[in-house]
Amino acid sequence: CITTAFHTTTLQHKCCLLHTMSSILFVHIGQCGNQVGFEFWDLLSRQFSSSASASFPSHASQFFDFNQHPNAILIDTEPKVVNELVARGKKRKAAARALHFRDCLVEESGCGNNWALGFHNSGTYKTQHVKTRQSALALPELDDLSLVERALKCIDKRIQMMDTVDSIWVTASLSGGTGSGVGSRLVQQIRHTYASSMPIVVCAVAAFMEGDTTLQHYNTMLSLAHFQRYADSVLLFHNSHIIKMLNSKKATSTQAVSTKDINQYIASCLVGLLMPYRVPKKSPKQSSSNPSSLPSPSSYKYFGANQLISLLTPMYPLNILEVHTSTLLIKSAQHMTSWQYIADNFSRSVPHFDLKQRQINQFAMRVIVRGASSVSSSDRKLLRSILDKNFKRCQSWFHNPSTDTNQYIFAPHNKGMQSQKIENAITVIANRSSIIEYLNLILTKVHLMLNTGAYVNHYERFGCSRDIFDECFEQLQFTIQQYAEYCREP
């Protein structure tokens, strides 16, 4: 049950901007969450493996432990997907480096695409531990705990193994049973366990509006309401929007966009957002006799969760974000190094009007520009001009109306996606009014189904009462009202 009074993360905590290499713990839940997670780790490890060194560089410690294993926990109520991903990780070519996932928690129960079964009954079945290598939680006394309880123990163990922790990132689907149900319960329990001391970011994948499952609209409403309430920020990825953007890049209309393409795009967005970037040193200039020498760890920074929260989601319930990247949206390899081409093509790919042709506005935006070489002052001015024009700003929630909430990070000498041979890239994360249209569509579908009582019995039999439906419905309605109120133009 969600209580409207619960939102413990304070603005003072959110404004604590950390620039040290604190570790991030990732929790991947359900089929979609695990598949997106694998693509993320696959791409990230290739980024760090580009050097000839036998080990990851020191600034990779944000994502990998001292054994170079991912800081990740894989959770599912069916073993098939997790087993496949674990096997794929081990079989990667030596040049790409094997991925060894140490903690994988699975059941053989399934959730039947039902949020209530995942939320209320997850853990009534004995959890099986997939032994990929040496487990961080090979403790027999945990065998009889529920899936969520065991996951919490695993998270706590992982946190104890880290020097400092930046945040916990969760990847999950909104429409299935495991990602939505188990994910909602686990995020709620993480918040209750760590209160405001641990920033939580949820990467939620929204299914197509039609055609997935008959219960997907109920699942989406219930899970999104829980994620929004108990996480500090929700990064929402729409399958339909991603397919539309990727289709515009395809050379021919016969090339269909696959699920793997969608997962790779989401992974590229996260890597573009989180990958540490090299910054110019303030120390004496690099020696001309050794121009290829690597920078020290102190010359790398990253966009941490506390910065993300303080800039983009300082107010509840305005905490739903969207992320876009140019890395998979470039049509012509010949223009990959032209900033004007990249910015123009990228801006055209991102939706700027809703279905009723209303302008999509935004409160705040962070842009990360990664270039293989230096980004000239004229290029910086050009990028700001193109992106500020297309990503239209509405009123700010800060006390000073003149506060510039469109912030840019220019990271020269940082290749955009070197594992894909892309030298220049733009990643944008923004809090935008596009969420209004999506929530209206979901609540309209849910309202029609609730009026007829369709499929409600599937939830009631697993402990989800009509009151929970009403509470989540009212919460998302309030979210729509708040976004509409703040999205007025300045």
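Before reading on, note that the structure itself is shown above.
Remember, it's a predicted structure, so these values are computed and weren't measured experimentally.

Caption draft 1: Here's a closer look at the overall build of the protein. Check the secondary structure of the protein and you find 15 helices and 13 strands. The buried share of the protein, reckoned over its 490 residues, is 58%. Once local pairs closer than 6 in sequence are excluded, the contacts in the protein between residues at least 24 apart make up 81%. Surface summary for the protein: the accessible area is close to 20600 Å², and the carbon and sulfur share equals 50%.

Caption draft 2: Geometry of empty space enclosed by the protein. Scanning the entire structure with this criterion turns up 3 cavities of 30 Å³ or more. In this model, the largest cavity occupies a volume close to 60 Å³. Lining the largest cavity are L236, H238, I320, L321, E322, A430, R432, S434 and I435. Among the secondary structure elements, those contributing two or more residues to the lining of the largest cavity are strand 7 (233-238), strand 10 (320-325), strand 13 (425-432) and helix 13 (434-452). The element contributing the most residues to the lining of the largest cavity is strand 10, with 3 residues.

Caption draft 3: Broad picture of the pattern of salt bridges. Applying the stated criterion across every chain, the model contains 10 salt bridges. Where R158 meets D65, a salt bridge forms, and the shortest distance between an N and an O atom there is 3.7 Å. Of this pair, R158 sits in helix 5 (residues 147-161) while D65 is found in the loop between helix 2 (30-48) and strand 2 (72-76), placing the two residues 93 residues apart along the sequence. Its relative accessible area of 2% is what places R158 among the buried residues. Three or more residues are tied together by salt bridges with common partners; here these are D65, R102, D103 and R158.

Caption draft 4: Structural context of the state of the cysteines. Tallied over the full model, the rule gives 0 disulfides. C154 forms no disulfide, and the closest cysteine sulfur to it belongs to C104, at a distance of 8.9 Å. With a relative accessible area of 1%, C154 lands in the buried category.

Caption draft 5: Focus on the packing of helix 2 against helix 9 (residues 259-274). Two elements in contact, helix 2 and helix 9, have axes separated by 8 Å at closest approach and are oriented at 55°. Overall, the two elements helix 2 and helix 9 adopt an arrangement that is oblique. The handedness of the crossing between helix 2 and helix 9 is right-handed. Residues Q35, V36, E39, F40, L43, L44 and Q47 of helix 2 form the contact with helix 9, whose own contacting residues are K260, N263, Q264, I266, A267, S268, L270, V271 and L274. Taken together, the residues of the contact of helix 2 with helix 9 sort by class into 9 nonpolar, 5 polar and 2 charged.

Caption draft 6: View of helix 6 (residues 178-194). The first and last C-alpha atoms of helix 6 sit 23 Å apart over 17 residues, in line with the 24 Å expected at 1.5 Å per residue. In terms of burial, helix 6 is a largely internal element, 13 of the 17 residues being buried. Looking one or two places after helix 6, you find A195, whose phi comes out positive at around 50°.

Caption draft 7: Broad picture of the pairing of strand 2. Of all 5 residues in strand 2, 5 are buried, a share of seventy percent or more. Of the two faces of strand 2, the one carrying A72, L74 and D76 and the one carrying I73 and I75 are both buried. In terms of strand pairing, strand 1 (residues 23-29) meets strand 2 through 4 bridges, oriented parallel. Bridging across to strand 2, F26 finds its partner in A72. Relative to strand 3 (residues 103-106), strand 2 is paired through 4 bridges, and the arrangement is parallel. The residue of strand 3 that forms the bridge with I73 is D103.

Caption draft 8: Spotlight on the packing of aromatic side chains. Tallied over the entire structure, the rule returns 18 aromatic pairs. Where F48 meets F63, the ring centres are 6.1 Å apart and the plane angle is 45°; that geometry is what we call tilted. Highlighted residues: F48 in helix 2 and F63 in the loop between helix 2 and strand 2, separated in sequence by 15 residues. Directly above the aromatic system of F119 lies the positively charged group of R185, at a separation of 5.1 Å from the ring centroid.

Caption draft 9: Structural detail: the side chain of D42. Among the structural elements, D42 can be located in helix 2. Side-chain polar atoms of D42 contact the side chain of R46, separated by 3.2 Å. The contact partners of D42, leaving out residues within four places of it in the chain, are R92 and L99.

Caption draft 10: The arrangement of helix 7 (residues 216-230) in detail. When the terminal C-alpha atoms of helix 7 are compared, their 21 Å separation across 15 residues agrees well with the 21 Å that a helix rising 1.5 Å per residue should span. The buried fraction of helix 7 is high, at 15 of 15 residues.

Caption draft 11: Fine view of the pairing of strand 1. Here strand 1 lies mainly inside the structure; 7 of its 7 residues are buried. Residues of strand 1 alternate between two faces, with S23, L25, V27 and I29 on one and I24, F26 and H28 on the opposite face, all of them buried. Looking at chain direction, strand 1 and strand 5 (residues 165-173) are connected through 6 bridges and run parallel. In the strand pairing of strand 5, F26 is matched with W169.

Caption draft 12: Up close: the packing of helix 7 against helix 13. Where helix 7 contacts helix 13, the two axes come as close as 9 Å, and the packing angle between them is 120°. Viewed along their axes, helix 7 and helix 13 adopt a mutual orientation that is oblique. The crossing of helix 7 and helix 13 is left-handed. Across the interface between the two elements, H217, Y218, T220, M221 and L224 of helix 7 pack against Y438, L439, I442, L443, K445, V446, M449 and L450 of helix 13. Among the residues making up the contact of helix 7 with helix 13, the classes are represented as 10 nonpolar, 2 polar and 1 charged.

Caption draft 13: Spotlight on the environment of M449. Positionally, M449 belongs in helix 13. Sequence spacing of M449 and Y218 is 231 residues, and the spatial spacing of their C-alpha atoms is 8.8 Å. Filtering out sequence-adjacent residues up to four positions away, M449 remains in contact with T214, H217, Y218, A454 and Y455.

Caption draft 14: Representation of unusual backbone geometry within the structure. Note that the residue after Y316, namely P317, is joined by a cis bond; omega there is 10°. On the secondary structure map, P317 appears in the loop between helix 10 (305-312) and strand 10.

Quick notes on the rules
- Each chain carries its own residue numbering, running from 1 in the written order of its sequence.
- pLDDT decides what is reported in this predicted model: residues at 70 or higher carry local features, side-chain atom pairs at 80 or more are listed and counted, and totals for whole chains, interfaces and linings draw on all residues regardless.
- To get the side-chain values, take all heavy atoms of the structure and skip hydrogens and water.
- Strands here mean DSSP runs of E at least two residues long; helices mean DSSP runs of H or I at least four residues long; both are numbered from the N terminus.
- Type-normalised accessible area, obtained with a 1.4 Å probe on protein chains alone, sets the label of each residue: buried when under 20%, exposed when over 50%, and partly exposed for intermediate values.
- Throughout, a contact is declared for two residues whenever any of their heavy atoms are within 4.5 Å.
- In this description, accessible areas are obtained by the Shrake-Rupley approach with a 1.4 Å probe, and a residue is regarded as covered only by the protein chains that are shown.
- Cavity means a closed set of points on a 1 Å grid over the protein atoms alone, one where a 1.4 Å probe fits but cannot get out, pocket means an open set with protein on both sides within 12 Å along at least 5 of 7 lines, and lining means a residue has an atom within 4 Å of a point.
- Grid points are joined across faces, edges and corners, and a volume is the space filled by probe spheres set on the points.
- In the sections that follow, a salt bridge refers to a side-chain nitrogen of Lys or Arg positioned within 4 Å of a carboxyl oxygen of Asp or Glu.
- The disulfide criterion is simple: two cysteine sulfur atoms within 2.5 Å.
- Interaxial angle, 0 to 180 degrees, is taken between N-to-C directions of lines fitted to C-alpha atoms, where a helix line uses only the stretch in contact.
- Here roughly perpendicular refers to angles of 65 to 115 degrees, roughly parallel to angles under 35, roughly antiparallel to angles over 145, and oblique to all remaining angles.
- The crossing is said to be left-handed when, going from far helix to near helix, the turn is anticlockwise and less than a right angle, and right-handed when the turn is clockwise.
- Polar here means any residue other than Ala, Val, Leu, Ile, Met, Phe, Trp, Tyr, Cys and Pro, which are nonpolar, and Asp, Glu, Lys and Arg, which are charged; Gly is therefore polar.
- The span expected for a helix works out to 1.5 Å for each residue beyond the first.
- Strands are treated as partners if at least two bridges between them are detected by DSSP.
- The pairing test for Phe, Tyr and Trp rings, Trp by its six-membered ring, is centres within 6.5 Å, and the orientation test on the planes gives stacked under 30 degrees, edge-to-face over 60, and tilted for anything in between.
- Put simply, a charge is over a ring when the Lys NZ or the Arg CZ is close to the ring centre, within 6 Å, and near the line of the ring normal, within 35 degrees.
- Between N or O atoms, a polar contact is any pair within 3.5 Å; within protein, one atom must be a potential hydrogen donor and the other a potential acceptor, and residues adjacent in sequence are included only when both atoms are from side chains.

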